[in-house]
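Single-letter residue listing:
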Amino acid sequence: MKAIYLTGFMGAGKTTIGKALSETLQLPVIDTDEYIIQQVGKTIPAIFEEEGEATFRQYERTFLREFPVNDVIITTGGGIVIQEENRKWMKEHGIVFNLYCEIDEVFSRVSIDGSRPLLKTDDKSKVRNLFESRSAFYQEAHFTIDTTYKNIEEIVKEIQNKL
Ligand code: S3P
């Protein structure tokens, strides 16, 4: 089976769903953020602070190409879609899912604990703008699944039905 890429905004549940899907389908899961943390040896906030967002995006682009493209689930950071070449790569090499979640639900799911540099703001309108500005990119996925009012089992089932 081709790689399954889970994309979507922060808080959409990519990592959680990726783990559940991995158990259901008996496939390994690779998380782009976790991989970057291991390879670079720094946390995401430290990379943003010390090397800048552009370098982080470069890591995303480079490592995405190093992952297998068969029999694997790849859970991505919310910003993977902003680079056109990443969108193209994922669509060419796998089945791309966009896990959509309404922005107000995103706010209740994610904590502003510093682990996500782009949420380190009191200004919710900035996060809303980021969400809006990426919306068209997420929708380029093969399938969009609305996760807003669904539990993990329902979302996994919906993904399975599309495979
Ligand atoms: C980012 C999302 C994060 C992480 C980084 C940047 C983004 O991943 O890659 O903080 O640009 O949306 P999650 O979507 O897993 O939170």
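Cut-offs used in this document
Residues numbered from 1 in each chain as written. Predicted model: local features only at pLDDT ≥ 70, side-chain atom pairs only at ≥ 80, totals over all residues. UniProt positions renumbered as here; feature names shortened; annotations may be inferred. Core = buried A, V, L, I, M, F, W, Y, C linked by C-beta atoms within 7 Å. Buried ≥ 20, exposed ≤ 12 C-beta atoms within 10 Å, placed from the backbone. Helix = DSSP H or I, 4+ residues; strand = E, 2+ residues; numbered from the N terminus. Contact = placed C-beta atoms within 7 Å. Pairing = 2+ DSSP bridges.

The name given to the protein chain in an unreviewed UniProt entry is Shikimate kinase, with the source organism recorded as Litchfieldia salsa. Here is the UniProt Catalytic activity (unreviewed entry) comment for the protein chain, exactly as written: "shikimate + ATP = 3-phosphoshikimate + ADP + H(+)". Here is the UniProt Sequence similarities (unreviewed entry) comment for the protein chain, exactly as written: "Belongs to the shikimate kinase family."

K.L.:
Got a sec to walk through the nonpolar core? Specific residues and values, please.
P.N.:
Across soluble globular proteins, you tend to see nonpolar side chains buried next to one another. Grouped together as the largest cluster of nonpolar side chains are 25 residues, with contacts concentrated most on Y5, L6, I17, I73, F97, L99 and I159. Of all the elements in the fold, those that place two or more residues in this core are β1 (3-7), α1 (14-25), β3 (73-75), β4 (94-100) and α8 (152-162). Not counting residues within four places of it along the chain, the set of residues in contact with Y5 comprises I74, T76, M90, G94, V96 and F97.

K.L.:
Outline the environment of E140, listing residues and values.
P.N.:
Of note, E140 is situated in the loop between α7 (124-138) and β5 (143-146). Classification of E140 as partly exposed rests on a count of 16 C-beta atoms within 10 Å. Considered as a pair, E140 and K157 are 17 residues apart in the sequence and their alpha carbons are 21 Å apart.

K.L.:
Outline the pairing of β4, listing residues and values.
P.N.:
Burial within β4 is extensive, with 5 of its 7 residues counted as buried. In this sheet, β4 lies alongside β1 in parallel orientation, the contact comprising 5 bridges. Opposite I4, over in β4, you have I95 as the bridge partner. Here β4 pairs with β5 via 4 bridges, running parallel. Note on β5: the bridge partner recorded for L99 is I145.

K.L.:
Summarise the UniProt feature "binding site: substrate" (unreviewed entry) in the protein chain; cite the residues concerned and give the values.
P.N.:
The feature "binding site: substrate" (unreviewed entry), as given by UniProt, occupies D33, R57, G78 and R134 in the numbering adopted here. Take D33: it is sitting in helix α2 (residues 32-40). On the basis of neighbour count, D33 is assigned to the buried category, with 22 C-beta atoms found within 10 Å. When neighbours within four sequence positions are excluded, D33 is seen to be in contact with I44 and G77. Tracing the backbone shows G78 in the loop between β3 and α5 (84-93). Once residues within four sequence positions are removed from consideration, G78 is found in contact with G8, F9 and M10.

K.L.:
Could you give me a rundown of the UniProt feature "binding site: Mg(2+)" (unreviewed entry) in the protein chain, with the residues and numbers involved?
P.N.:
If you check UniProt for "binding site: Mg(2+)" (unreviewed entry), the listed places come out as T15 in our numbering. Assignment of secondary structure puts T15 in helix α1.

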